[in-house]
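For reference, the chains in residue letters:
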Amino acid sequence: ETRSDGPNCPGSLIVVSNRQPYRHEYERDGDGGDDGDDESDRSVTVDEPAGGLTAGLDPVVREVDGTWIAWGDGDADFDVADEDHCVEVPPGEEAYTLRRIDLSEEAVESYYYGFSNRVLWPLCHGFGDLVEHRSNDFDWYRTVNERFADAVVEHAAEDSVVWLQDYHFALAPRLIREGVPASTTVAQFWHIPWPAPETFQQCPAAGHVLEGLLGNDLLGFHVDWYANTFLDCVEQYFPSATVDRRERTVRYDGHTTRVVATPMGVDADRYDRDARSVGRAQLAEIREAFGIPDDTVLGLGVDRLDYAKGIPERFAALERFFERNPDWRGEFTFVQKSTPSRTDIPTYQQYGDHVRSEAERINRRFGTDDWQPIVYTEDYVEHEALCALYRYADVMVVSSLADGMNLVAQEYVAANVDGDGTLLLSDRAGAHERLGTHALTIDPTDADGTAAQLERALSMPTHERRQRMQTLRTRVFDHDLEGWMDAQFDWIRRVHGEKSTATDS
Ligand code: F6P
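Residues numbered from 1 in each chain as written. Predicted model: local features only at pLDDT ≥ 70, side-chain atom pairs only at ≥ 80, totals over all residues.

1. Some words on the overall build of the chain
Point 1. When helices and strands are counted, the chain shows 17 helices and 18 strands.
Point 2. A globule of 505 residues ought to have a C-alpha radius of gyration of about 23 Å, and the chain, at 24 Å, matches this closely.
Point 3. Counting the 505 residues in the chain, one finds 47% classified as buried.
Point 4. Of all intrachain contacts in the chain linking residues separated by at least 6 positions in sequence, the fraction that spans at least 24 positions is 77%. (Helix = DSSP H or I, 4+ residues; strand = E, 2+ residues; numbered from the N terminus. Rg over C-alpha atoms; globule rule 2.2 N^0.38 Å. Buried ≥ 20, exposed ≤ 12 C-beta atoms within 10 Å, placed from the backbone. Contact = placed C-beta atoms within 7 Å.)

This is the structure we're talking about:
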């Protein structure tokens with residue numbers, strides 16, 4: 001769906017993200033001796049954005065006829081060589097250009113599976129001990145950032161607004177700035193936490209990372225805490241920089257970067273609408289498919305299989321809960337839906353093994369012939385089924401050890417249309433700033449405390465439960481994805497305006 005009154009972008013928009021908004025799958029039609037170049041020899045299937053950021057940004061880029069530059073991840077194109085390729089999207093509408101950067105396996109191994117996800121990800125989430133120092137990773141990260149920056153420079157015009165997404169592109173802003181007209185605005189949103197200086201100093205090439213980011217005119221984080229720790233790091237690494245804490249600006253090397261905190265939301269209307277269209281029949285199907293007895297109370301966890309999400313900690317709390325509350329055995333079932341992620345990295349494989357074995361162990365300990373305390377699945381769950389789970393789960397547990405924002409907590413609230421679910425929310429997720437007062441707060445490392453909050457959720461008087469969920473829903477609807485996008489563009493317009501005034505004078 002295209003929004004009718006998109007955010008007002010002050011110039012031509014160039015979005016840069018690691019993941020692409022559309023993925024094309026090319027298949028040969030028959031095997032009749034072609035050279036692979038003829039469009040008529042192949043059929044194309046296109047996956048549309050499934051959700052989250054790419055789905056939210058797509059209508060914006062459509063509306064302004066922009067350009068989107070992304071890694072051409074997994075495009076099963078049989079004749080694409082090692083070069084970028086452009087395609088007009090969405091299929092049939094051709095509203096904007098998607099430029100794919102085709103990366104070699106070696107580049108992906110070092111840029112994506114290396115510096116991005118073996119260094120920046122663990123570091124920004126406070127897992128300094130998981131940081132891996134491999135010799136080529138930073139060089140490849142720089143090379144890939146250069147390739148993206150070159151692509152941006154090719155597309156950029158005087159009035160362009162470049163909007164980079166996330167931690168895959170820490171070096172690109174400065175490189176872009178060096179190649180575009182002074183009036184071009186460069187902005188970035190950092191979707192993950194920013195760590196304290198004590199942690200950040202373990203970052204190889206820390207100074208380069210900060211210097212790269214200070215090439216932005218605008219740098220967004222989810223919450224104040226991350227914006228402030230970023231400024232702390234800048235002060236520590238660049239004593240010559242002028243940091244204005246009140247305005248949240250940094251003047252460094254002749255350039256000013258404004259740092260803002262704009263917490264992200266979800267497409268609340270979509271989750272609300274889709275949850276209303278599912279009924280108890282869908283829930284019954286899910287119960288049947290997973291062998292969940294009809295009358296058990298439902299708990300739910302939905303996460304990427306990532307060590308930052310605190311899944312074993314959640315299971316430890318469930319174990320404590322069943323130890324302390326034998327009456328709930330056979331009466332409460334916890335559904336954990338995990339999506340395997342970054343599985344080329346051994347830490348993620350080991351984490352997955354640990355999570356699965358903990359679920360099995362707890363199930364062996366408490367399970368009976370007709371009931372398992374934890375129903376664990378890594379299978380793909382259709383959006384409709386997910387909405388049914390969100391709608392009917394009595395308790396949702398988000399126990400992240402660190403989390404930029406956490407959109408799942410907000411999706412649950414938006415889809416909990418009957419208003420009688422309860423959210424247990426880690427105080428370490430960015431979403432806690434928005435939802436912490438009416439969710440039940442947990443410290444994910446405190447199994448006893450989390451078990452106690454679960455007991456509280458399950459025995460909470462109906463009026464209190466409803467009142468809490470009502471407030472959570474108001475917050476999630478008042479600060480949805482569209483609102484976040486508008487906030488971004490309000491800042492972009494402001495910064496863009498300040499720059500053109502400065503360039504004119
Ligand atoms: O949380 C940051 C983020 O980039 C999200 O936008 C996204 O859900 C997740 O990480 C994706 O991870 P990956 O692209 O590595 O699968």
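2. Examining the nonpolar core
One broad rule of soluble globular proteins: the nonpolar side chains tend to lie buried together.
Point 1. Among the nonpolar cores identified, the biggest contains 142 residues, and Val162 and Leu424 are the most heavily contacted of them.
Point 2. Of all the elements, helix H2 (residues 105–124) adds the most residues to this core, at nine residues.
Point 3. Setting aside chain neighbours within four positions, we find Leu424 in contact with Val395, Met396, Val397, Val398, Ala439, Leu440, Ile442, Thr450, Gln453, Leu454 and Ala457. (Core = buried A, V, L, I, M, F, W, Y, C linked by C-beta atoms within 7 Å.)

3. So, the site of the ligand
Point 1. Near the ligand there are 10 residues, and of these Arg19, Asp166, His191, Ile192 and Gly404 occur at the shortest range.
Point 2. Residues belonging to the shell around the ligand are distributed by class as follows: two nonpolar, five polar and three charged. (Near = placed C-beta within 6 Å. Nonpolar A, V, L, I, M, F, W, Y, C, P; charged D, E, K, R; others polar.)

4. Regarding the sheet that holds strand S7 (residues 161–165)
Point 1. Taken together, 10 strands build an open sheet; the order of strands is S5-S6-S4-S1-S7-S8-S9-S12-S11-S10 and the sheet is mixed. One side of each edge strand has no neighbouring strand; the edge strands of this open sheet are strand S5 (85–89) and strand S10 (242–244). Across the sheet, the mean angle from the axis of one strand to that of its neighbour is 20°, orientation sign disregarded.
Point 2. For S7 and strand S8 (residues 185–189), the ladder comprises five bridges, and the chain directions are parallel. If you follow Val161 over to S8, its bridge partner there is Thr185.
Point 3. Along the sheet face, helix H4 (residues 172–179) touches strand S1 (13–17), S7 and S8 and points at about 170° away from the line of S8. (Pairing = 2+ DSSP bridges. Axes fitted to C-alpha atoms, helices over the stretch in contact; angles between N-to-C directions.)

5. Let's talk about the sheet that holds strand S17 (residues 422–426)
Point 1. The strand order across the open sheet built from six strands is S15-S14-S13-S16-S17-S18, with neighbouring strands paired in parallel fashion. Both outer strands of the open sheet, strand S15 (374–377) and strand S18 (440–442), are each paired with one neighbouring strand and no more. Going across the sheet, the axis of each strand differs from the next one's by a mean of 20°, ignoring polarity.
Point 2. Sheet analysis places strand S16 (residues 395–398) next to S17, joined by four bridges and oriented parallel. From the neighbouring strand, Val397 faces S17, where its bridge partner is Leu424.

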